[in-house]
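Survey of secondary and tertiary structure
Residues per chain are reported as follows:
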Amino acid sequence: MARNVRAPFVVCLACAAAFGLLAVLALSVDAGRHLDVRLFLRLVEHPPPGDSWADVAAALGDPLPMLLMLAVACGIGLLRGRPIDALAAVLVVAGANITTQLVKVLLAHPRVKIAIGGDPLEPNTFPSGHTTAVASAAVAYAFVVPAAWRNLTLTLGVALTLAVGCSVVVIGWHYPSDVLGGVFVAAGWGFAVLALRRAVRFRSSRRRRVSSRTPLPSP
């Protein structure tokens, strides 16, 4: 069981390390910034057909839709009699989104939206809050749905995250690195809460085993 707790914790650390490396490449290394700009220009100048979908998809990362998705996830957990899993969903969404908002302030950087007349992007665009919101909500559902539905839930969550991530780039809100950063934040929190959830479950099961082996006092 210790290995089951250690594995997601290690992946959480890997997500944090990947996020740190991405931040350095996107904000401080010329080659990384140039690659980011090229990808941004390609998506903004040559959007996919019917790009009006982008505004609709991006709106899914707004606070109200995110809270509604979280409320449904918590309802599923509570209806299944799993309040700990509902709490895990809240921790993932709250932790990921608070982290993103704090990092936005700490890593504020005046990058330029070259594709649109040289106007600057907002300095606090890294990581993408909309991507973080949708990705963390997708992870939240993985905690509360039955195991048989988990793979399908994660697949749908990945598809929705990709749609929102692409949309915020297409409409010029974020660079691709911002989107990837939001994914790393949500994934890191997901694995951190998974490690915590497994640790709590292991401690509870061990306590029950100890209690069952303790002889009752003689009358």
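Being a predicted model, the structure only gives us computed values, none of them experimental.

Definitions and limits used
- Here the residue numbering is sequential within each chain, running from 1 through the sequence in written order.
- Local features in a predicted model are, by the rule used here, given only for residues with pLDDT of at least 70; side-chain atom pairs are given and counted only at 80 or more, and totals for whole chains, interfaces and linings are based on all residues.
- Excluded from the side-chain calculation are hydrogens and water; included are all heavy atoms of the structure.
- Comment: elements are numbered from the N terminus, with helices defined as DSSP H or I runs of at least four residues and strands as E runs of at least two.
- In this scheme, a residue with accessible area under 20% of its type's maximum is buried, one over 50% is exposed, and one in between is partly exposed, where area comes from a 1.4 Å probe on protein chains only.
- We call two residues in contact when some of their heavy atoms are within 4.5 Å.
- Here the Shrake-Rupley method, with its probe set to 1.4 Å, supplies the accessible areas, and only the displayed protein chains count as covering residues.
- Patch membership needs two things, relative accessible area over 30% and no salt bridge, and members are linked within 9 Å if like-charged or within 5 Å if nonpolar (Val, Leu, Ile, Met, Phe, Trp, Tyr).
- Every case where a carboxyl oxygen of Asp or Glu lies within 4 Å of a side-chain nitrogen of Lys or Arg is listed as a salt bridge.
- Definitions used for this entry: grid spacing 1 Å over protein atoms alone; cavity, a set of points where a 1.4 Å probe fits but cannot get out; pocket, an open set with protein on both sides within 12 Å along at least 5 of 7 lines; lining residue, one with an atom within 4 Å of a point.
- Grid points are joined across faces, edges and corners, and a volume is the space filled by probe spheres set on the points.
- Classes in brief: Ala, Val, Leu, Ile, Met, Phe, Trp, Tyr, Cys and Pro nonpolar; Asp, Glu, Lys and Arg charged; the others, Gly included, polar.
- Polar contact is the term for a pair of N or O atoms within 3.5 Å; when the atoms are in protein, one must be able to donate a hydrogen and the other to accept it, and sequence-neighboring residues count only if both atoms are side-chain atoms.

1. Brief notes about the overall build of the protein chain
Within the protein chain, the regular secondary structure consists of eight helices and two strands. The secondary structure elements of the protein chain, listed N-terminal to C-terminal, are α-α-α-α-α-β-β-α-α-α. Looking at the protein chain as a whole, 40% of its 219 residues qualify as buried. A separation of at least 24 residues holds for 79% of the contacts in the protein chain among residues at least 6 apart in sequence. Counting only carbon and sulfur atoms, one obtains 70% of the accessible surface of the protein chain, whose full area is about 12,200 Å².

2. Topic: a nonpolar patch on the surface
Taken together, the side chains of Ile 84, Leu 87, Val 90, Leu 91, Leu 196 and Val 200 present a nonpolar region at the surface, about 450 Å² in accessible area. Of all the secondary-structure elements, those providing two or more residues to the nonpolar patch are α5 (83-106) and α8 (176-213). A per-element tally of the nonpolar patch places α5 first, with four residues. Here Val 90 is to be found in helix α5. Given the relative accessible area of 30%, Val 90 is considered partly exposed.

3. Considering the pattern of salt bridges
For the structure shown, the criterion picks out three salt bridges. Among the salt bridges present, the one from Arg 82 reaches Asp 85, with a minimum N-O distance of 3.6 Å. The buried category is assigned to Asp 85, whose relative accessible area is 4%. Here Arg 197 ties to Asp 85 by a salt bridge, and the two come within 2.8 Å at their closest N and O atoms. Of this pair, Arg 197 sits in helix α8 while Asp 85 sits in helix α5, and the two are 112 residues apart along the sequence. The same class applies to Arg 197 and to Asp 85, which are both buried. Here the salt bridges share partners, and the residues they tie into one network are Arg 82, Asp 85 and Arg 197.

4. Considering the side chain of Thr 131
Its location among the elements puts Thr 131 in helix α6 (residues 129-144). For Thr 131, a relative accessible area of 0% corresponds to the buried category. Setting aside residues up to four positions removed in sequence, Thr 131 forms contacts with Thr 161, Val 164, Gly 165, Val 168, Val 179 and Val 183.

5. A short note on the layout of surface pockets
In this approach, a probe sized like a water molecule rolls over the atoms, and the result shows the empty space that is left. Approximately 790 Å³ is the volume attributed to the largest pocket. Lining the largest pocket are 31 residues; nearest its centre among them are Ala 138, Val 139, Ala 142, Leu 154 and Phe 191. Contributing elements (two or more residues each) for the lining of the largest pocket: α6, α7 (147-170) and α8. For the lining of the largest pocket, the element with the most residues is α8, which contributes 11 residues. In the lining of the largest pocket, the residues fall into 20 nonpolar, four polar and seven charged.

6. Topic: the side chain of Thr 125
By secondary structure assignment, the location of Thr 125 is in the loop between β2 (119-120) and α6. A polar contact of 3.2 Å, which involves the side chain of Thr 125, links it to the side chain of Asp 178.

7. Side note on unusual backbone geometry
Look at the link from Phe 126 to Pro 127: it is a cis peptide, with omega at -5 degrees. Looking at where Pro 127 falls in the secondary structure, it is placed in the loop between β2 and α6.

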